[in-house]
Amino acid sequence: MLSKKVIFTFSPQNVERPVTYQLIKDYNLWVNILQAKFEPSLGGKLVLELKGEDKQIKEGLNFVRKIGVGIELLEQEVIWDEKKCIDCGACISICPTGVLSLDKVTYKLKLDYEKCIVCGNCVEACPLQAIKVIF
Amino acid sequence: MTIKRTYEEINAKIKSGKVVIVTAEEIIPIVEEKGIKKATEEIDVVTTGTFGPMCSSGVILNFGHSDPPIRMQKIWLNDVEAYAGLAAVDVYLGATQLSERQGMEYGGAHVIEDLISGKKIKLKAISRGTDCYPRREIESYITKKSINQAILFNPRNGYQNYNVAVNTSERKIYTYMGILLPDLGNASYSTSGQLSPLLNDPEFTTIGIGTRIFLGGAQGYVVWEGTQFYPQVIKDENGKTIHKGGTLAVIGDLKEMSTDYIRAATFKGYGVTLVVGIGIPIPIINSEMMKSVAVKDEDIWTEIIDYGFPHLKKPSLGKVNYRQLRQGNITIRGKDVPVSPLSSYAKAREIAEKLKEEILRGKFLLQEPIQKFPQGSKFKPLLEIH
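Residues numbered from 1 in each chain as written. Chains lettered and ligands numbered in written order. Predicted model: local features only at pLDDT ≥ 70, side-chain atom pairs only at ≥ 80, totals over all residues.

Another aspect to go through is the overall build of chain A. Scanning chain A from terminus to terminus reveals three helices and eight strands. The N-to-C order of helical and strand elements in chain A reads β-α-β-β-α-β-β-β-β-α-β. Each of the three principal axes of chain A carries a C-alpha extent, and together these read 50 × 35 × 20 Å. Put simply, 63% of the contacts in chain A that link residues at least 6 apart link residues at least 24 apart. (Helix = DSSP H or I, 4+ residues; strand = E, 2+ residues; numbered from the N terminus. Contact = placed C-beta atoms within 7 Å.)

All names here are of chain B. Its location among the elements puts Trp 76 in strand 5 (residues 74-77). Considering only alpha carbons, one finds Trp 76 and Glu 298, 222 residues apart in sequence, at a separation of 47 Å. In this structure Trp 76 touches Glu 81 and Lys 124, once residues within four positions along its chain are discounted.

Residues and elements named next belong to chain B. Pairing is mixed across the open sheet formed by three strands, whose spatial order is 1-2-24. Two strands close off the open sheet at either side, each with one partner strand: strand 1 (21-23) and strand 24 (281-283). Recorded for the sheet is a direction-independent mean angle of 25 degrees between the axes of neighbouring strands. Sheet topology places strand 1 next to strand 2 (residues 45-47); three bridges connect them, and they run parallel. Within the sheet, the bridge partner assigned to Thr 23 lies in strand 2 and is Thr 47. (Pairing = 2+ DSSP bridges. Axes fitted to C-alpha atoms, helices over the stretch in contact; angles between N-to-C directions.)

Now for the confidence of the model for chain B. Residues at a pLDDT of 70 or more form 99% of chain B, whose mean pLDDT is 96. Complex prediction metrics read pTM 0.88 and ipTM 0.92. (pLDDT = per-residue confidence, 0-100.)

A few words now on the interface of chain B and chain A. Facing 26 residues of chain B, the contacting portion of chain A comprises 17 residues. Of all the elements in the fold, those that place two or more residues in the side of chain B that touches chain A are strand 3 (50-53), strand 15 (178-180), strand 16 (187-189), strand 22 (262-267), strand 28 (335-341) and helix 7 (345-360) of chain B. Broken down by class, the residue content of the side of chain B that touches chain A amounts to 14 nonpolar, eight polar and four charged. (Nonpolar A, V, L, I, M, F, W, Y, C, P; charged D, E, K, R; others polar.)

All names here are of chain B. Taking 1.5 Å per residue as the helical rise, helix 7 with its 16 residues ought to reach 22 Å, and the 22 Å between its terminal C-alpha atoms agrees with that figure. Taken as a whole, helix 7 has its buried residues at Tyr 345, Ala 346, Lys 347, Ala 348, Arg 349, Ile 351, Ala 352, Leu 355, Lys 356 and Ile 359. The first or second residue beyond helix 7 is Gly 362, which carries a positive phi of 75 degrees. (Expected span 1.5 Å × (residues − 1). Buried ≥ 20, exposed ≤ 12 C-beta atoms within 10 Å, placed from the backbone.)

Residue and element names in this part refer to chain A. Taken together, four strands build an open sheet; the order of strands is 2-3-1-4 and the sheet is antiparallel. Either end of the sheet is taken by a strand with one partner, and the two such strands are strand 2 (30-39) and strand 4 (70-73). Taking each pair of neighbouring strands and ignoring which way they run, the sheet shows an average axis angle of 20 degrees. Where strand 1 (residues 2-10) lies against strand 4, four bridges are found, and the strand directions are antiparallel. Directly across from Val 6, in strand 4, lies its bridge partner Leu 73. Contacts between helix 1 (residues 19-27) and the sheet are confined to strand 1, strand 2 and strand 3 (43-52), with strand 2 contributing the most and set at about 160 degrees to the helix.

Turning to the domain arrangement of chain B, a few remarks are in order. Residues and elements named next belong to chain B. Domains assigned within chain B are domain 1 (7-54 + 153-360) and domain 2 (66-142). Centre-to-centre separation of domain 1 and domain 2, based on C-alpha positions: 33 Å. In terms of residue count, strand 22 provides more of the side of domain 1 that touches domain 2 than any other element does, five residues in total. Along the lines of polarity and charge, the residues of the side of domain 1 that touches domain 2 split into seven nonpolar, five polar and one charged. (Domains from an automatic or database assignment.)

Residues and elements named next belong to chain B. In this structure, Pro 68 follows Asp 67 across a cis peptide bond, with omega equal to -5 degrees. For Leu 184, which is not a glycine, the phi torsion comes out positive at approximately 55 degrees. Position of Leu 184 relative to the elements: it lies in the loop between strand 15 and strand 16. Exposure remark for Leu 184: the 22 C-beta atoms within 10 Å place this residue in the buried category. Positive phi, normally seen in glycine, also occurs at Phe 204, with a value near 55 degrees. Here Phe 204 is to be found in the loop between helix 4 (197-200) and strand 17 (212-215). Looking at Phe 204, the number of C-beta atoms within 10 Å reads 21, which means it is buried.

This paragraph deals with the environment of Ile116(B). Residues and elements named next belong to chain B. Turning to its location among the elements, Ile 116 is positioned in helix 3 (residues 108-116). When the C-alpha atoms of Ile 116 and Ala 187 are compared, they prove to be 33 Å apart, with 71 residues separating the residues in sequence. In this structure, Ile 116 is in contact with Lys 144, Leu 254, Met 257, Ser 258, Thr 259 and Ile 262, ignoring residues within four places of it in sequence.

Considering every residue of chain A, the mean pLDDT works out to 90; 97% of them sit at 70 or more. Mean pLDDT in chain A bottoms out at strand 5 (residues 78-80) of chain A, which sits at 86, and peaks at strand 6 (residues 100-102) of chain A, which reaches 96.

This next bit is on the environment of Gly226(B). All names here are of chain B. Secondary-structure assignment places Gly 226 in the loop between strand 18 (218-225) and strand 19 (232-235). What makes Gly 226 buried here is the crowd of 25 C-beta atoms within 10 Å. When the C-alpha positions of Gly 226 and Arg 156 are compared, they lie 4.5 Å apart, and in sequence the two are 70 residues distant. Not counting chain neighbours up to four residues away, the residues in contact with Gly 226 comprise Pro 155, Arg 156, Asn 157, Thr 247, Leu 248 and Ala 249.

Here it is, written out as structure tokens:
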């Protein structure tokens with residue numbers, strides 16, 4: 001079982017395609033919508049977490065590519081500038097999924113990237129502007 | 001018997017390399033193991049530290065005179081206005097002043113940080129012109145090396161203790177205590193607790209006017225009690241004691257400071273502030289001082305205050321200690337609430353450690369206060385009189 005986070009970019013031509021439905025039904029993928037932003041006349045963006053067999057993920061992404069939807073893989077969605085960070089912890093309590101915490105011994109900030117859903121709360125909470133999110 | 005130790009004795013030990021010094025965190029297990037009496041005998045100095053947002057901060061600058069000279073009446077540094085109502089080329093730049101072009105993204109604190117890191121700062125000033133100062137405008141660039149003085153002078157720093165901020169309203173609010181989520185969604189606090197300078201000397205026995213301190217990476221001084229100085233000791237029926245309201249006015253040479261220990265910050269929706277690193281050495285002049293510095297996070301209490309209420313007197317939702325806060329979650333009205341510190345404990349620890357090293361290297365001597373802070377001060381509101 002593989003897990004991948006992806007960003008799909010839709011154009012006005014393909015914005016109405018039920019991509020999520022087809023990935024689930026035709027490719028047997030586990031799909032979790034992390035973020036979605038659509039304006040039917042302009043297109044849209046969809047951030048998904050996909051889980052399934054390697055082959056099915058590849059075939060599913062091929063299908064999405066064929067209908068003209070842009071695909072970007074999210075390798076590391078939160079960019080944390082450790083040099084700028086002062087390890088205060090202002091970001092910790094506004095994170096809905098517990099990505100951020102202070103180490104119990106060193107009290108330095110640590111990030112569990114696996115849990116991130118790219119919501120961006122930490123970006124606006126950081127007083128030192130040390131966190132960025134790619135979206 | 002109370003052991004007494006003078007400042008002169010401590011400084012003599014620093015000079016001869018025999019001083020025994022630990023941080024306010026390291027002293028806790030020592031006192032637990034050896035007791036107050038033995039610890040007092042063995043240890044001369046305990047260092048404290050804090051690194052948090054301190055809005056009441058700013059810098060006094062003197063640029064030198066141009067030719068022809070100008071008496072600056074309005075001045076901007078990187079589009080952030082400074083106060084020019086002092087002589088001709090002296091100004092005071094406040095940390096929270098916002099840029100006229102970039103708004104909350106850049107402000108006085110950022111100019112201060114850029115000055116410390118040696119960056120070029122754009123200066124623009126205007127004047128009506130006089131016979132002795134004929135010039136009416138000037139545009140130039142300055143750096144910390146090109147100007148005469150850059151003196152950090154912060155009227156209110158080092159708050160002894162502060163509230164825990166929460167929000168019971170239905171709306172997300174943007175405050176100087178960070179982003180507070182609706183319906184008790186989170187909490188924030190801003191003190192280094194057992195490492196905090198004024199919580200280790202809550203009676204101001206060794207901290208007063210003239211105390212030499214670590215300020216932003218350089219040596220600075222306490223010059224007065226801070227503005228809004230109003231120390232209180234609040235005891236409740238369960239024996240929980242809250243010390244709060246002490247503040248410090250501090251001064252130091254900005255040119256000697258380092259961005260490792262002083263930084264600009266922006267709280268979204270609130271504005272710009274300066275994160276200041278302060279470390280204060282506490283001389284163990286007697287066993288009473290040892291008792292003070294042995295204070296632990298679990299013995300330091302503070303109040304949970306509802307910032308969702310937009311008036312001066314905000315409701316309290318109970319008390320909590322710093323051990324509970326430091327664990328990352330507290331319970332309020334039966335709800336498990338995640339907590340964010342706004343002041344960096346890791347940095348506070350680093351500052352206490354660095355101050356300890358400087359004293360051990362003989363670079364930092366202890367200064368006895370030349371005058372104690374006033375007692376019985378009041379905290380007055382601003383009344384609207386028509």
